[in-house]
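Structural overview for review
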Amino acid sequence: MAATHAAAFTRSRPWTAAEFASLLDSPLVLAAGDARCFALGRVIADEAELLTIATHPAHQRQGLAQGCMAGWETAVRKRGAAEVFLEVAADNAPAKALYDACGFAECGRRAGYYRRDGAEAADALLMRKALR
């Protein structure tokens, strides 16, 4: 996961193998996908939060992310989630297009949330999708 995340996240700090291991130690956290593309999130009560999704650049534009999201949503639904939340940088057009295609809608905004070295900070868009 860390290698795919590092390859995909070039504008922000990618997560380390230790960070992924720590998250996956929690019984609340689950992942879907494989080394090419994965989604990672957690379910608490009836809410799921997508923590990250990454597709290795060598496998982008093949529909893997949309399939991965569908698999992850099925898994969180089985754990009792009734809705899913996520956040995405407002300037991340590919991710926004994915989430729109998956049925998410914007429900809030955090101004200047994503700090970038040598660039203006980007807003975080908060998005929500009902699963039931």
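Residues numbered from 1 in each chain as written. Predicted model: local features only at pLDDT ≥ 70, side-chain atom pairs only at ≥ 80, totals over all residues. Heavy atoms only, no water.

Per an unreviewed UniProt entry, the recorded name for the chain is Alanine acetyltransferase, and the organism is Leisingera methylohalidivorans DSM 14336.

Quick look at the UniProt feature "domain: N-acetyltransferase" (unreviewed entry) in the chain
Taking the UniProt record as the reference, the feature "domain: N-acetyltransferase" (unreviewed entry) is found at residues 1-132. The span residues 1-132 is 30% helical and 40% strand by assignment, and the distance between its end C-alpha atoms comes to 29 Å. (UniProt positions renumbered as here; feature names shortened; annotations may be inferred. Helix = DSSP H or I, 4+ residues; strand = E, 2+ residues; numbered from the N terminus.)

Topic: the pairing of strand S2 (residues 37-44)
Across the eight residues that make up S2, a large majority, six, are buried. Sheet topology note: the strand S1 (residues 29-33)/S2 ladder contains five bridges and is antiparallel. Paired with glycine 33 across the strands is phenylalanine 38, a residue of S2. Taking the residues between adjacent antiparallel strands as the criterion, S1 and S2 are bridged by three residues. (Buried < 20%, exposed > 50% of the residue type's maximum accessible area, 1.4 Å probe, protein only. Pairing = 2+ DSSP bridges.)

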